[in-house]
Structure formats: C-alpha cells, structure tokens
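A structural walkthrough
Spelled out, the chains give:
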Amino acid sequence: MIPDLPIEELARRYNNGAAVPDWQDTLLPRWQRESERVRDTAGGCRDVVYGTRERNRLDVFTPAGTPPPHGWPTLIFIHGGYWQRLYKDDWSVIAAPFVANGMAAVILGYTLCPQTTIRGIAAEIESAIAYVWKAAPGLAVDRDRLTLAGHSAGGHLTAWCMTTDWTTHDMPATPFKSATAISGLFDLEPLVPIYLNDALKLDNAEALTMSPAYRSRRVTCDFTAVVGGAELPEFGRQNALLGAAWPNVREWTLPGLNHFSIIDQLTRDDSALFVHVAQSLR
C-alpha cells in the first residue's frame, strides 16, 4: 500500500540519511574501526564463498578455545543499506559481543542493486543460510542453535526468510530458534515511486510479491519486529503492518532510538536488544 502522501513527503519518510545526517561521520567510522579489529582477533574464517558472484561471501566469527561438541550457538546477521549500499565488512562489529559471550556470529555478504534485484538478493541470502546449515560442522557452528537477525533491508530479508520453504533447500522447515527484524521494511510498494527505486527497479507487482507482509509465514520460530521510537514514521507503520499481517509477532519499540542508533545497540552486550537476540542461544 502506498500512503496517500505527496511524493516528496513519502520520500522524506524513507530518507534515513537525511533524518540522521551525522551517522556516517560518527557511528559508521567507529563500526568500521571496530570491525577491522574483530576480523583480526576473533576466531573462525573469513570470506567463505557460498555462491558464484563476487559478494557471495560470508564471515564466521567464533570464540577462542575448543568449541562445544556440536559447535557454537550462532547468530546469522544480514546487514542493511536499502539493498544497494554497504558491505559485510562494515558489520563485523556485530560479532564482537556474541563472541565475547561464548557464541559465534556469521555476517552475510550479498550482491547489491542494481547489479541484481531484491528477488536476486533474497535468493542469495537463502543460499548463504543453506550453506551455513549444511557446512555447520566444518564451521564449528551448531546448526540446531541458530538465530537470525537483520537490520533495515536486512530486516526485510529476515522476514523474507520466515516465508521461505526451507525444505526445498533440504533443511528443516524451521531451521532457526528465533528471528529478529530490526527496523525492517515489509511492504515494498511505497518505494516504487521514490528515489530509492532508481537502483531497485521495482514495479508495483514485483514490490508486492517481494513484500513479506503480503506473503504467508512458514517458519514457526519466535519472531520479533523491533523499531526505534525516534525513527521516521514509515518504519513504525511498517512494523505495525507486519504485526497485523502475521500471527505470533512480538512488536517492540525501543524508545529514543533512531534508525542507526538502534543497530548500535547490537554492538554492546549490555543492551536490551543484544540480550533479546542472544537469549535463544544461551
């Protein structure tokens, strides 16, 4: 559904960079510095190839020492960037608090638009997760203790994974203990008439097809849709839309947090968001 707003206002309600203009000068450089440190110091393996395209790579971060008999309980994280920006290496920082608390983290890379489509990205994410599940013993990952989380476009992809028939990948129908979509987009139709679609190249029919809010949920794990209380209004509406469309969704608003400060919470183990995402792995 496209809200009945002037196009300029609709575009403003999705322009997180304009709403929080300093994030690229403050949060992003800190995340990148810390990410480099994590890649240099954590265990695991980097740039594991799961597909044929250049960005079809993932990083596995594990604690020091001998893993448990079935491997480390593991977060799989999908980064955001409106499907057209950023890279997995910007998000190694997400692994830090998990590794420090005896868990592993897998950070997924994927091809960006316009080099591919949102449908193409969703297929890559499915392939990456299937790779992790099947290769779990060699990665020291416990495939029976996986949680999934993603931010922004990654929140959309996390929700998409709740609509996937994982048995077509020779996996259990519900391969996750829990999933958390952070500041996600679940109805893509409002993006069709605004600037974001220059790279996404969606038409209305494809936007609706790729919208989790209009797809049936297949995966029955615990699912949370969380949004910051200081985000642009469309993100609150998107969160509520998914909560109304699907059964058994925990809708959660974190007061005072914007589109970028909310994901910063996942870089610290003293935050409510970290505790929530990690709880099914403990």
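The rules behind the values
Residues numbered from 1 in each chain as written. Predicted model: local features only at pLDDT ≥ 70, side-chain atom pairs only at ≥ 80, totals over all residues. Heavy atoms only, no water. Helix = DSSP H or I, 4+ residues; strand = E, 2+ residues; numbered from the N terminus. Polar contact = N/O pair within 3.5 Å; in protein donor to acceptor, adjacent residues only side chain to side chain. Phe/Tyr/Trp six-rings, centres within 6.5 Å; stacked < 30°, edge-to-face > 60°. Buried < 20%, exposed > 50% of the residue type's maximum accessible area, 1.4 Å probe, protein only. Lys NZ or Arg CZ within 6 Å of the ring centre and 35° of its normal. Pairing = 2+ DSSP bridges. Axes fitted to C-alpha atoms, helices over the stretch in contact; angles between N-to-C directions. Contact = heavy atoms within 4.5 Å. Core = buried A, V, L, I, M, F, W, Y, C linked by side-chain atoms within 4.5 Å. Patch = residues over 30% accessible without salt bridge, like charges linked within 9 Å, V, L, I, M, F, W, Y side chains within 5 Å. Areas by Shrake-Rupley, 256 points an atom, 1.4 Å probe, with all protein chains shown as cover. Salt bridge = Lys/Arg side-chain N within 4 Å of Asp/Glu carboxyl O. Parallel < 35°, antiparallel > 145°, perpendicular 65-115°, else oblique. Left-handed = near helix turned anticlockwise from the far one by under 90°. Nonpolar A, V, L, I, M, F, W, Y, C, P; charged D, E, K, R; others polar. Disulfide = S-S within 2.5 Å.

**Description of the environment of Arg46**
Inspection of the secondary structure assignment puts Arg46 in strand β1 (residues 43-49). A sequence separation of 60 residues divides Arg46 from Val106, and the C-alpha atoms of the two residues are 9.7 Å apart. In terms of polar contacts, Arg46 uses its side chain to reach the backbone carbonyl oxygen of Arg39, at 3.2 Å.

**Some words on the packing of aromatic side chains**
The tally for this structure, following the rule as stated, stands at nine aromatic pairs. Both rings, one in Trp166 and one in Phe176, keep their centres 5.8 Å apart while their planes meet at 90°; by these two values the pair is edge-to-face. Placement of the pair is Trp166 in the loop between α7 (153-162) and β6 (178-182) and Phe176 in the loop between α7 and β6, with a sequence separation of 10 residues. Side by side, Trp166 and Phe176 carry an identical accessibility label, which is buried. It is Arg215 that lies over the ring of Trp160; its NZ or CZ is 3.9 Å from the centre. Positioned over the ring face of Trp252 is Arg250, at 4.4 Å from the centre of the ring.

**What about the sheet that holds strand β5 (residues 141-151)?**
On the basis of which strands lie adjacent, the open sheet formed by eight strands has the order β1-β2-β4-β3-β5-β6-β7-β8 and mixed pairing. Strands at the two margins of the open sheet, each flanked by one partner only, are β1 and β8 (249-254). Pairs of neighbouring strands in the sheet enclose a mean axial angle of 20°, with direction left out of account. The pairing of strand β3 (residues 72-78) with strand β4 (residues 104-108) spans five bridges and is classified as parallel. Counterpart to Phe77 in the pairing with β4 is Ile107. Across the sheet, helix α5 (residues 118-134) is in contact with β1, β2 (57-62), β3, β4 and β5; its angle to β5 comes to roughly 155°.

**A word on the nonpolar core**
Formed by 64 residues in total, the largest nonpolar core has its most connected members in Trp83, Ile129, Met162 and Phe223. By residue number, the principal contributor to this core is α5, which donates nine residues. With residues up to four places along the chain from it excluded, the contact list for Ile129 reads Ile76, Leu108, Leu148, Cys161, Trp166, Met171 and Phe176. In this structure, Phe61, Ala96, Phe98 and Ala149 belong to the second largest nonpolar core, which totals 35 residues.

**A word on a nonpolar patch on the surface**
Where nonpolar side chains cluster on the molecular surface, the patch consists of Met1, Leu208 and Tyr214 and spans about 280 Å² of accessible area. On the secondary structure map, Tyr214 appears in the loop between α9 (204-209) and β7 (222-228).

**Comments concerning the packing of α5 against α7**
Running from N to C, α5 and α7 point in directions that differ by 65°, and their axes come no closer than 10 Å. The orientation of α5 with respect to α7, classified from their angle, is roughly perpendicular. α7 is crossed by α5, and the crossing has right-handed handedness. Contact with α5, carried on its side by Ile118, Ile121, Ala122, Ile125, Glu126 and Ile129, involves His156, Leu157, Trp160 and Cys161 of α7 and no other residues of that element. Among the residues forming the contact of α5 with α7, the class breakdown is eight nonpolar, one polar and one charged.

**Here we look at the state of the cysteines**
Evaluation of the coordinates by the stated rule reveals zero disulfides. In this model Cys113 remains outside any disulfide bridge; the closest cysteine sulfur is found in Cys161, 16 Å from its own. Residue class for Cys113 comes out buried when judged on its relative accessible area of 3%. Sulfur of Cys161: no disulfide; nearest cysteine sulfur belongs to Cys221 and is 10 Å away.

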